[in-house]
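Here's the letter readout for the chains.
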There are 2 protein chains.
Amino acid sequence: MGQDILYHLAMGTESHNLVEMFGDVKFVCMGGTPQRMENFAHYVMKEIDFNLPIGATLIDLSQYRYSMYKVGPVLSISHGMGISSIGILLHEIIKLMFHAKVKNPIFFRIGTSGGVGVKGGTVVISDTACDELLNNYYETPIVGNLVKRPAILDQSLVQELKALADPEDPYDVVTGGTMCANDFYEGQGRLDGAFCNYSEKDKMDYLKKLQNHGVKNIEMEVVPFAAMTHHAGIRAAVVCVTFLDRLKGDQVDISKEVMNEWQVRPQKLVAKYIKKLLKAL
Amino acid sequence: MGQDILYHLAMGTESHNLVEMFGDVKFVCMGGTPQRMENFAHYVMKEIDFNLPIGATLIDLSQYRYSMYKVGPVLSISHGMGISSIGILLHEIIKLMFHAKVKNPIFFRIGTSGGVGVKGGTVVISDTACDELLNNYYETPIVGNLVKRPAILDQSLVQELKALADPEDPYDVVTGGTMCANDFYEGQGRLDGAFCNYSEKDKMDYLKKLQNHGVKNIEMEVVPFAAMTHHAGIRAAVVCVTFLDRLKGDQVDISKEVMNEWQVRPQKLVAKYIKKLLKAL
């Protein structure tokens, strides 16, 4: 084909010089909200000593369906919520890396989640990914046929990240399984959605089944993230903080201040990794 | 339960007086991007002659995962992209309507889509909703069991909207089936995703199969929108503009100006309906 329009990024191969703009990228970091990813961009800028000229600041390079910030070798992009939203972004970011001739970028998802048997504020590095039915693959219809792609995460990256956890930090950093739900309420067994046709016992049985399966947290993107990066041969990791222990409740009732403090925890770990790798170059 | 925190809306029954804030709402309008829904709020404000005091403007009432604007009886809210993102919003908006004691609100999705055998710029009012496998239900795992909910749209609302189309408008307003995809690329048979393991013939066969089934456009939210509103007993409609005819291509290559002009078309129809109903009160 002629030009390639990355529609949801509001960029294209004819309208933008993608090699010049993105040729130096080594790390692609994604997370749900534009605000978190803008914060991460500023945080990583300090951590890797990346300096902007006096009077300059970062701008959102995309400003359409997603927000995108660039700090030298680091891209920081919002992915919205759920499988479809991160799936579109992955298609277009993988194409962007290809057009920009980037070799071997590492992808991170820096997320928030509900814990299963771990206390709020814990950081979970996902070592496996499963859906609500405990399948370790991403099943998606392609031209009318259901296709299964294994949702596999890079185990060496999991260990490298785990090794960087600071034992002095007043919270735990653990590895474990992550369950990816299509829905925040019924799909995660919450009792406080608009609908609920099951009992508290059904919920607890389900959560304990997940726990017995090795699931430490629940979010809404890990399966397509793991499957698509694995399919593309890209090293990738998911690091989330938990906002509550689902064995103890459903509502996210922590204050905005606590939430903001906890959200930084996965960012610290990923920034530390990036810093280490950049120093080794 | 005690208080109910509508987490993704950043509101709650204790922190906000939801009856006072939202008790007068009659129409809940949703669309993908914050920008479009801010524009719609300003557009509908003019159309229904809703006046703000001099020196005042609309603000985003939510400012977290979604953007929400209120213009008297009209809420205008962004839903992001895909099934999960609109699903979370629907749970929380249905709960919000309940807490605010709103009786019989009407929900609209004002969207963008790809056409199937209709030309770019056409407005499609969805009369049926199906997934990629042509199922007319929303299948979702609930505490580990797959549950099917019929995805049914209000047929009288479809006809009322269709009757408001202006024959003088330089574009068509049609009714037809809408297919809801989990993915923008492979799930819709596009050849320009990061991956593509099928041929142009497979794509065309699939699109023609959809067309023979009565599908006029493809988007990514209609199935949960139809299923959840139907399940809650809420009258609801989906009105989308098409950005291209998928039988003729995959890339969205219209200019920003054309896109902005086309995006207003479904807004015009929905605003006309709202205006008419408010006058009849």
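Residues numbered from 1 in each chain as written. Chains lettered and ligands numbered in written order. Predicted model: local features only at pLDDT ≥ 70, side-chain atom pairs only at ≥ 80, totals over all residues. Heavy atoms only, no water.

Things to note about the interface of chain B and chain A
Interfaces are often described in size by the accessible area the parts lose on coming together. Test applied: Contact definition: two residues touch when any of their heavy atoms are within 4.5 Å. Take the accessible area each of two parts loses on contact, using a 1.4 Å probe, and add the two losses: that sum is the buried area. For salt bridges, the criterion is a side-chain nitrogen of Lys or Arg within 4 Å of an Asp or Glu carboxyl oxygen. Polar contacts here mean pairs of N or O atoms no more than 3.5 Å apart (in protein, one a potential hydrogen donor and the other a potential acceptor; neighbouring residues in sequence count only if both atoms are side-chain atoms). Each helix is a run of H or I in the DSSP string that is no shorter than four residues. Each strand is a run of E no shorter than two, and both are numbered from the N terminus.
Across the contact, 58 residues belong to chain B and 58 residues belong to chain A. Carbon and sulfur atoms supply 63% of the area that chain B and chain A bury against each other, a total of about 5100 Å² over both sides. Counting across the interface, chain B meets chain A through 2 salt bridges. A salt bridge links A:Arg149 to B:Glu186; the nearest nitrogen and oxygen atoms lie 2.6 Å apart. For the pair chain B and chain A, the interface holds 16 residue pairs in polar contact (both at pLDDT 80 or more). Elements with a minimum of two residues in the side of chain B that touches chain A: α3 (83-99), β8 (137-142), β9 (145-150), α5 (200-212) and α6 (222-232) of chain B. Looking at which element gives the most residues to the side of chain B that touches chain A, the answer is α3(B), with 8 residues.

Description of the pairing of strand β9 (residues 145-150) of chain A
Residues and elements named next belong to chain A. Applied cut-off: When DSSP finds two or more bridges between a pair of strands, those strands are recorded as paired.
Pairing analysis gives 6 bridges linking strand β8 (residues 137-142) to β9, with the strands arranged antiparallel. Of the residues in β9, the one forming a bridge with Thr140 is Val147. In this antiparallel pair of consecutive strands, β8 and β9, the connection spans 2 residues, and Val143 shows a positive phi of 35°.

A few points about the layout of surface pockets
In this approach, a probe sized like a water molecule rolls over the atoms, and the result shows the empty space that is left. How we decide: Throughout, the protein atoms alone are placed on a 1 Å grid, and a set of points is a cavity if a 1.4 Å probe fits but cannot get out or a pocket if it is open with protein on both sides within 12 Å along at least five of seven lines; lining residues have an atom within 4 Å of a point. Grid points are joined across faces, edges and corners, and a volume is the space filled by probe spheres set on the points. Amino acids are sorted into nonpolar (Ala, Val, Leu, Ile, Met, Phe, Trp, Tyr, Cys and Pro), charged (Asp, Glu, Lys and Arg) and polar (every other residue, Gly among them).
What the second largest pocket holds in volume is close to 670 Å³. Around the second largest pocket sit 28 residues that line it, and A:Glu139, A:Asn182, B:Glu139, B:Leu146 and B:Asn182 are the ones nearest its centre. For the lining of the second largest pocket, the secondary structure elements donating two or more residues are β8 of chain A together with β8 of chain B. Counted by class, the lining of the second largest pocket contains 16 nonpolar, 6 polar and 6 charged residues.

Description of helix α2 (residues 34-47) of chain B
Residue and element names in this part refer to chain B. Cut-off, in case you're wondering: Multiplying 1.5 Å by the residue count of a helix minus one yields the expected span of that helix. Working definition: with a 1.4 Å probe on protein chains only, accessible area under 20% of the residue-type maximum means buried, over 50% means exposed, and in between means partly exposed.
Between its first and last C-alpha atoms α2 spans 20 Å; for 14 residues at 1.5 Å apiece the expected length is 20 Å, and the two agree. For α2, the complete set of buried residues consists of Arg36, Met37, Phe40, Ala41, Tyr43, Val44 and Met45. In this structure, the buried side of α2 is in contact with β3 (27-31), β4 (68-71), β5 (74-78), β6 (106-115) and α7 (256-280).

Focus on the relation of the copies chain B and chain A
Which entries qualify depends on this criterion: In superposing the copies, a least-squares fit is computed on C-alpha atoms, taking residues whose pLDDT is at least 70 in both.
Once chain B is rotated about the relating axis by 180° and shifted along it by 0.0 Å, it coincides with chain A to within an RMSD of 0.0 Å. Both chain copies can therefore be described as sitting about a two-fold axis. A share of 100% of the interface residues of chain B reappears at the interface of chain A, consistent with the copies meeting face to face through the same patch.

So, the nonpolar core
As a reminder of what qualifies: Side-chain atoms within 4.5 Å link the members of a nonpolar core, which is a set of buried Ala, Val, Leu, Ile, Met, Phe, Trp, Tyr and Cys residues.
Core analysis: the largest hydrophobic core is formed by 83 residues, its most contacted members being A:Phe40, A:Phe108, A:Ile274, B:Ile93, B:Leu96 and B:Phe107. Examining the composition of this core, we find that 9 residues originate from one element, α3(B), more than from any other. A:Val28, A:Leu75, A:Ala151 and B:Phe243 belong to the second-largest nonpolar core, a separate cluster that totals 52 residues.

Comments concerning the packing of helix α2 (residues 34-47) of chain A against helix α7 (residues 256-280) of chain A
Residues and elements named next belong to chain A. Test applied: Each axis is a line fitted through C-alpha atoms, taken for helices only over the stretch in contact, and angles between the N-to-C directions span 0 to 180 degrees. Working rule for angles: under 35 degrees goes down as roughly parallel, over 145 as roughly antiparallel, 65 to 115 as roughly perpendicular, anything else as oblique. Crossing handedness: left-handed means the near helix sits turned counterclockwise from the far one by under a right angle, and right-handed means the same turn made clockwise.
Packing of α2 against α7 leaves a shortest axis separation of 10 Å and a crossing angle of 40°. With respect to each other, α2 and α7 are oriented oblique. In terms of crossing hand, the pair formed by α2 and α7 is right-handed. Touching Arg36, Asn39, Phe40, Tyr43, Val44 and Glu47 of α2 are Gln263, Gln267, Lys268, Val270, Ala271, Ile274 and Lys275, all from α7.

Section: the environment of B:Val173
Residues and elements named next belong to chain B. Mapped onto the elements of the fold, Val173 is located in strand β10 (residues 173-180). With 93 residues separating them along the chain, Val173 and Pro266 place their C-alpha atoms 9.1 Å apart. Among residues more than four places away in sequence, those in contact with Val173 are Val123, Ile125, Lys162, Ala165 and Leu269.

Observations regarding the pattern of salt bridges
One pass over the structure, following the stated rule, counts 26 salt bridges over all chains. Residue A:Asp250 is joined to A:Arg246 by a salt bridge in which the shortest nitrogen-to-oxygen separation is 2.9 Å.

Some thoughts on the environment of A:Ser126
Residues and elements named next belong to chain A. With respect to the helices, strands and loops of the structure, Ser126 is situated in strand β7 (residues 123-130). When the C-alpha positions of Ser126 and Asp192 are compared, they lie 27 Å apart, and in sequence the two are 66 residues distant. The contacts of Ser126, once residues within four sequence positions are left out, are Leu153, Val158, Gly176, Thr178, Val222 and Val238. At 2.6 Å, the side chain of Ser126 and the side chain of Thr178 are in polar contact.

Here's the deal with the pairing of β6(B)
All names here are of chain B. Counted residue by residue, β6 has 10 buried out of 10 residues, so it is predominantly covered. Pairing of β3 with β6 involves 4 bridges; the strand directions are parallel. Across the sheet, Val28 pairs through a bridge with Phe107, a residue of β6. Bridging between β6 and strand β12 (residues 236-245) involves 8 bridges; their strand directions are parallel. Pairing of Thr112 across the sheet is with Val241, part of β12. Pairing of β6 with strand β11 (residues 215-219), which is carried by 2 bridges, proceeds in the antiparallel orientation. Counted as the bridge partner of Gly114 is Ile218 from β11.

Details of the UniProt feature "binding site: substrate" (unreviewed entry) in chain A
All names here are of chain A. Inclusion rule: UniProt positions are given in the numbering used here, feature names are shortened, and annotations may be inferred rather than shown by experiment.
Sequence positions flagged by UniProt for "binding site: substrate" (unreviewed entry) are, in local numbering, Gln188 and Arg190. A relative accessible area of 3% places Gln188 in the buried class. In this view, Gln188 contacts Ala181, Asp183, Leu207, Ile218, Glu219, Met220 and Arg246; residues no more than four positions away in its chain are not counted. Checked against the element boundaries, Arg190 lands in the loop between β10 (173-180) and α5 (200-212). What makes Arg190 buried here is its relative accessible area of 1%. Ignoring any residue separated from it by four or fewer positions in sequence, one finds Arg190 in contact with Phe184, Tyr185, Cys196, Tyr198, Leu244, Arg246, Asp250 and Val252. A polar contact of 2.9 Å, which involves the side chain of Arg190, links it to the side chain of Gln188.

Considerations on α3(B)
Spanning 17 residues, α3(B) covers 24 Å between terminal C-alpha atoms, matching the ideal 24 Å at 1.5 Å per step. For α3(B), the buried fraction is high: 15 of the 17 residues fall into the buried class.

Some thoughts on the UniProt feature "binding site: phosphate" (unreviewed entry) in chain A
Residue and element names in this part refer to chain A. When the UniProt feature table is mapped to this numbering, "binding site: phosphate" (unreviewed entry) covers Arg65, Arg109, Ile110, Gly111 and Thr112. Among the polar contacts made by the side chain of Arg109, one reaches the side chain of His79 at a distance of 3.0 Å. With respect to the element layout, Gly111 can be found in strand β6 (residues 106-115). Excluding residues within four positions of it along the chain, Gly111 makes contact with Arg36, Val239, Cys240, Val241 and Pro266.

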